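Here is how the chains run, residue by residue.
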Amino acid sequence: MLYQLCPKCNGQGIVSKPPWIAGDVNEWISSGGGNYVCGVCNGAKIIAVPNQEPEEDMLVDEINLEKPPLGLMPRKLHIENRITDILNAMIRYVEVGKNYSIPDEWYDELRSLGKDISIINEKENNDGGGKVS
Ligand SMILES: [Zn+2]
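Small disclaimer: the values here were computed from a predicted structure and weren't measured.

*Asks:* How should I be thinking about the confidence of the model for the protein chain in this particular structure?
*Replies:* When pLDDT drops low, the exact placement of atoms in the prediction is not to be read closely. Overall, the prediction assigns the protein chain a mean pLDDT of 81, with 74% of residues at 70 or greater. Confidence, expressed as mean pLDDT per element, reaches its minimum in the protein chain at helix α1 (residues 56-66) with 61 and its maximum at helix α2 (residues 75-96) with 94.

*Asks:* I'm lost on unusual backbone geometry in this one. Help?
*Replies:* Note: most residues except glycine have negative phi, and most peptide bonds are trans. The backbone of N10 sits at a positive phi, close to 60 degrees, despite the residue not being glycine. Looking at the element boundaries, N10 is found in the loop between β1 (2-5) and β2 (14-15). Look at N42: it is not a glycine, yet its phi comes out positive at around 55 degrees. Here N42 lies in the loop between β3 (36-37) and β4 (46-49).

*Asks:* Whenever I open this one, the environment of M90 confuses me. Can you help?
*Replies:* Position of M90 among the secondary structure elements: in helix α2. By the C-beta count within 10 Å, which is 15 here, M90 ends up partly exposed. On a C-alpha basis, the gap between M90 and P103 in space is 8.9 Å, while along the polypeptide they are 13 residues apart. Not counting chain neighbours up to four residues away, the residues in contact with M90 comprise I102 and W106.

*Asks:* Even after reading the chapter, I still don't get α2, so can you show me in this structure?
*Replies:* An α-helical turn contains 3.6 residues, so any two residues separated by three or four positions project in the same direction. With 22 residues, α2 ought to run about 32 Å at 1.5 Å a step, and its terminal C-alpha atoms sit 32 Å apart, in line with that. Sparse coverage of α2 is indicated by the burial of zero of its 22 residues. Residue G97 follows α2 closely and has a positive phi angle near 125 degrees.

*Asks:* What should I look at first to understand the environment of K45 in this one?
*Replies:* Among the secondary structure elements, K45 is positioned in the loop between β3 and β4. A tally of 16 C-beta atoms within 10 Å means that K45 is categorised as partly exposed. Sequence spacing of K45 and Q12 is 33 residues, and the spatial spacing of their C-alpha atoms is 5.6 Å. Setting aside chain neighbours within four positions, we find K45 in contact with C6, G11, Q12 and G13.

Procedures and definitions
One numbering rule holds for all chains: residues counted from 1, following each sequence as written. With pLDDT at 70 or above as the cut-off, local features in this predicted model cover only qualifying residues; side-chain atom pairs require 80 or more to be listed or tallied, and sums for whole chains, interfaces and linings still use all residues. pLDDT measures the predictor's confidence residue by residue and takes values from 0 up to 100. Working definition: helices are DSSP H or I runs of at least four residues, strands are E runs of at least two. Numbering for both runs from the N terminus. Exposure classes come from backbone-placed C-beta atoms, where a residue is buried if 20 or more other C-beta atoms lie within 10 Å of its own, exposed if 12 or fewer do, and partly exposed in between. By definition, residues are in contact whenever their C-beta atoms, placed on the basis of the backbone, come within 7 Å of each other. Expected span of a helix, by definition, is 1.5 Å for each gap between consecutive residues, and there is one gap fewer than residues.

Put into structure tokens, the structure is as follows:
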């Protein structure tokens with residue numbers, strides 16, 4: 001059950017018009033102070049409203065909350081993809097011929113990536129433990 005601010009007394013719990021006076025009657029014989037317990041919420045200031053079906057947007061939000069956000073591609077996979085890219089580029093250069101020499105940076109990056117891979121492999125082997133080689 002949901003609750004909302006009482007629309008009759010606007011969350012005050014009291015109204016200046018006695019509850020037994022019809023809504024479209026603006027004149028009545030006042031018996032005093034002028035404040036009466038709200039006839040809609042009985043002074044509770046809030047009223048219960050039935051549960052409503054959530055909007056479709058809310059449902060999508062709830063589903064998204066349950067799923068973790070998209071993470072990262074594993075670093076090893078990323079490096080392996082990069083190595084494949086470099087090797088393919090080298091092959092393309094070689095196939096075209098002598099006018100295109102493979103840049104030194106590519107070799108450097110390959111070496112560097114190779115080191116990264118072996119470091120990751122070492123870590124994996126240590127973490128996993130007992131890996132039979
Ligand atoms: Zn009220």
